[in-house]
Amino acid sequence: MSGLAVEMAAKALRLNIPLSVQLDLTYRCNERCIHCYLDHDDHGEMTTGEIKDLLDQMADAGVFYLTISGGEIMMRRDFFDILEHARKRTFCIKLKTNGILIRRKEADRIKALGVESVQISIYSHIPKVHDAITKLPGSLAQSIEAIRRLRAHGIRVTIANVLMTQNARDYAGVQGLAGELGAQFIMDPTVTPKMDGDRSILNLNVDESALREVFQNSALVGNVEEFCAPPQGPDEDALEMLPCSAGHTACYVSPYGDVYPCVQFPLPSGNVRRAKFADIWRDSPQLKEVRSITLRDMPSCSKCTHGATCTRCPGLAFMEGNMRGPSSQDCEKSYARTGIPSENLKARKASPQSFQIQELVQIQGLQRAAVNFPG
Amino acid sequence: MNAKRYLSRSAAIAARGLGNEMMVMSATNSTLFTLDEVATVIWEALDGATPLEEIVAKNICTQYEITPEVALKDAEVFVEQLAEHGLLLLSEQPNAQSTSAPRGNS
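Bear in mind that the values here come from a model prediction, so they are computed numbers and not experimental data. (Residues numbered from 1 in each chain as written. Chains lettered and ligands numbered in written order. Predicted model: local features only at pLDDT ≥ 70, side-chain atom pairs only at ≥ 80, totals over all residues.)

### Observations concerning the overall build of chain A
Right, on to step 1. Helices and strands together make up the secondary structure of chain A, namely 16 helices and eight strands.
Right, on to step 2. Against the 2.2 N^0.38 benchmark of 21 Å for 375 residues, chain A shows a C-alpha radius of gyration of 20 Å, consistent with a compact globule.
Right, on to step 3. Summarising its shape, the C-alpha atoms of chain A cover approximately 60 × 55 × 40 Å along the three principal directions.
Right, on to step 4. Out of the 375 residues belonging to chain A, those deemed buried represent 44%.
Right, on to step 5. Within chain A, residue pairs in contact and separated by at least 24 positions form 71% of the contacts whose partners lie at least 6 positions apart. (Helix = DSSP H or I, 4+ residues; strand = E, 2+ residues; numbered from the N terminus. Rg over C-alpha atoms; globule rule 2.2 N^0.38 Å. Buried ≥ 20, exposed ≤ 12 C-beta atoms within 10 Å, placed from the backbone. Contact = placed C-beta atoms within 7 Å.)

The following block contains the structure:
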């Protein structure tokens, strides 16, 4: 993020403005990725009119960065109608797609509508590995073809690579492919639980040695010595730190109109079918609670040597049962990075039976979760 | 600048008000700009149909303590900078299809 963008984010935080929103248009998808956290059935997606009205509300509320995602966004027949409306409301638009339905005509439209960038997931440069993850034969070839089309139109493309046991050795190949295609490359070493709380897909996560290998790779992390430096522990300033932008300057809206702090933080905070977006953003008790939490309020993390430098995701902590608690997956990353265990890992080792993951009763039946919102 | 100039915002931009400023991003190269309060007033008034001189006279000189000559000179520098970055389109003819700027959180 540029210095100016950081400055704008700080100003948005002061003014309580939702600078950035991810809007999922649908959970339907033409791929069936083994690590996907979504239920692909349609439980009553917002209509074209509802989405256009929401875009108007979001623009009026000050949303600047709009990520349109899914599911597969092109599964919506009204996708370009929605995109055109988003363009009229002058959002900075990023699309997340697998690209399979992007042919020349679609690439032309995306270019004409001034999309800032398109993110496409590539799991491996080896067709057999990628296609086994997406469960769609030929999907790697089709996604690569889409990237070539978009690049030929001068559209910025980011290749996202999720690391898991099936593709643990392939990230360098994907990074090379990104270079060849003129695309940016980002890698995420974390498979997250499903939005309904099901944690079964976490067994796809790579082990500590594979994580350590990633963190020692200067092509991915830059200065390895700096990246893996032992943490200093949080000082007084760090204890006032906010966890991340979720709920502070960013939020997520599902295809059913449910508002959450982030796509990885499934705390139902309101529904745009029952309340105005700006009212939810300003008055939701759930978002207010998220905003109230600083590092000082986290019993384990505030005492942890990694407290100030950890990548702790409050959504993952929430999915473990406590939004003020640690996110064990991030504790494991901090350990792989520095070789120093977090307070949470030490406590778990000392007393493993007392660290059962709580059931996430908050998101049982996610799509039908009734959130009583004042007003 | 002798001939009248009409200015409209490029279609390939993202823009949003943030407090008394305006964030503007070029979709062609993702460069982010911020406009201060006075520049934002001009930006919001650019409709492709009103000459810059008129915008400055109506929207700036009535609101801020500045002479029309100085205000117009500053405004010309400002719009030419934005045009260089592809954020504005300059024309010597009014653009009939121009619209007003959606601002957000105003």
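### Considering the pairing of strand 5 (residues 157-162) of chain A
Residues and elements named next belong to chain A.
Right, on to step 1. Two elements, strand 4 (residues 117-121) and strand 5, share four bridges in a ladder whose sense is parallel. In the strand pairing of strand 5, Ile-120 is matched with Ile-159.
Right, on to step 2. In this structure, strand 5 lies alongside strand 6 (residues 184-188), joined through five bridges in parallel fashion. Note on strand 6: the bridge partner recorded for Val-162 is Asp-188.
Right, on to step 3. Chirality of the crossover, the property in question, places the unit of strand 5, helix 7 (residues 171-181) and strand 6 among those that are right-handed. (Pairing = 2+ DSSP bridges. Right-handed = clockwise from strand over helix to strand, strands pointing away.)

### Section: the environment of Val-290 of chain A
All names here are of chain A.
Right, on to step 1. Along the polypeptide, Val-290 turns up in helix 13 (residues 285-292).
Right, on to step 2. In this structure, the C-alpha to C-alpha distance between Val-290 and Pro-341, residues 51 residues apart in sequence, is 26 Å.
Right, on to step 3. Apart from residues no more than four positions distant in its own chain, Val-290 is found in contact with Ala-246, Gly-247, Pro-261 and Met-323.

### A word on the sheet that holds strand 4 of chain A
Residue and element names in this part refer to chain A.
Right, on to step 1. Pairing is mixed in the open sheet, where eight strands are placed in the order 6-5-4-3-2-1-7-8. Edge strands, defined here as strands with exactly one partner in the open sheet, are strand 6 and strand 8 (259-260).
Right, on to step 2. Here strand 7 (residues 250-253) runs beside strand 8; their pairing, made up of two bridges, is antiparallel. Each residue of the ladder has a partner; that of Val-253, found in strand 8, is Val-259.
Right, on to step 3. Together, strand 4 and strand 5 form the strand contacts of helix 6 (residues 139-152), whose direction differs from that of strand 4 by roughly 165 degrees. (Axes fitted to C-alpha atoms, helices over the stretch in contact; angles between N-to-C directions.)

### Observations regarding the interface of chain A and chain B
Right, on to step 1. Taken residue by residue, the interface counts 21 residues in chain A and 17 residues in chain B.
Right, on to step 2. Residue assignment for the side of chain A that touches chain B shows that the elements contributing at least two residues are helix 1 (3-15) and helix 2 (48-61) of chain A.
Right, on to step 3. For the side of chain A that touches chain B, a count of residues per class yields twelve nonpolar, four polar and five charged. (Nonpolar A, V, L, I, M, F, W, Y, C, P; charged D, E, K, R; others polar.)

### Concerning the pairing of strand 3 (residues 92-97) of chain A
All names here are of chain A.
Right, on to step 1. With five of six residues buried, strand 3 lies mostly within the body of the structure.
Right, on to step 2. Handedness of the β-α-β unit built from strand 2 (residues 65-69), helix 3 (residues 79-88) and strand 3 comes out right-handed.
Right, on to step 3. Regarding topology, helix 4 (residues 104-112) serves as the crossover connection from strand 3 to the parallel strand 4, and that connection is right-handed.

### Observations regarding the sheet that holds strand 4 (residues 32-35) of chain B
Right, on to step 1. Taking strand neighbours across the sheet as the criterion, the three strands line up as 2-3-4 (chain B) in an open arrangement whose pairing is antiparallel. Strands with a single pairing partner mark the edges of an open sheet, and in this sheet they are strand 2 (13-18) and strand 4 of chain B. Averaged over all pairs of adjacent strands, the angle between strand axes in this sheet comes to 20 degrees, irrespective of strand direction.
Right, on to step 2. Relative to strand 4 of chain B, strand 3 (residues 21-26) of chain B is paired through four bridges, and the arrangement is antiparallel. From the neighbouring strand, Met-22 of chain B faces strand 4 of chain B, where its bridge partner is Leu-35 of chain B.
Right, on to step 3. Relative to strand 4 of chain B, helix 1 of chain A is tilted by about 50 degrees, and along the sheet it contacts strand 2, strand 3 and strand 4 of chain B.

### Remarks on unusual backbone geometry
All names here are of chain A.
Right, on to step 1. Following Gly-70, the chain continues to Gly-71 via a peptide bond in cis, the omega torsion being 25 degrees.
Right, on to step 2. Tracing the backbone through its elements, the reader meets Gly-71 in the loop between strand 2 and helix 3.
Right, on to step 3. One non-glycine residue, Asn-16, lies in positive phi territory at about 55 degrees.
Right, on to step 4. Note that Asn-16 resides in the loop between helix 1 and strand 1 (20-24).

### Concerning the confidence of the model for chain B
Right, on to step 1. Mean pLDDT for chain B: 85, with 88% of residues reaching 70 or above.
Right, on to step 2. The ipTM assigned to the predicted complex is 0.85, against a pTM of 0.90. (pLDDT = per-residue confidence, 0-100.)

### Focus: the nonpolar core
Right, on to step 1. In terms of nonpolar packing, the biggest core is built from 109 residues, with Val-63, Leu-66, Phe-91 and Leu-150 of chain A touching the most fellow members.
Right, on to step 2. Considering each element in turn, this core owes the most residues, six residues, to helix 2 of chain A.
Right, on to step 3. Phe-91 of chain A has contacts with Ala-59, Val-63, Phe-64, Leu-66 and Ala-86 of chain A together with Ala-14 of chain B, leaving out every residue within four places of it along the chain.
Right, on to step 4. Leu-295, Cys-301, Cys-304 and Cys-310 of chain A belong to the second-largest nonpolar core, a separate cluster that totals five residues. (Core = buried A, V, L, I, M, F, W, Y, C linked by C-beta atoms within 7 Å.)

### A short note on the packing of helix 2 of chain A against helix 3 of chain A
Axes are the key here: two packed helices are described by the angle between their axes and the distance separating the axes.
Residue and element names in this part refer to chain A.
Right, on to step 1. At their nearest, the axes of helix 2 and helix 3 sit 10 Å apart, and the two run at 15 degrees to each other. By the criterion of interaxial angle, the relationship of helix 2 to helix 3 is roughly parallel. Classified by chirality, the crossing of helix 3 by helix 2 is right-handed. Contacts from Thr-48, Ile-51, Lys-52 and Leu-55 in helix 2 reach Asp-81, Ile-82, His-85 and Ala-86 in helix 3.
Right, on to step 2. Of the residues assigned to the contact of helix 2 with helix 3, the class counts are four nonpolar, two polar and two charged. (Parallel < 35°, antiparallel > 145°, perpendicular 65-115°, else oblique. Left-handed = near helix turned anticlockwise from the far one by under 90°.)

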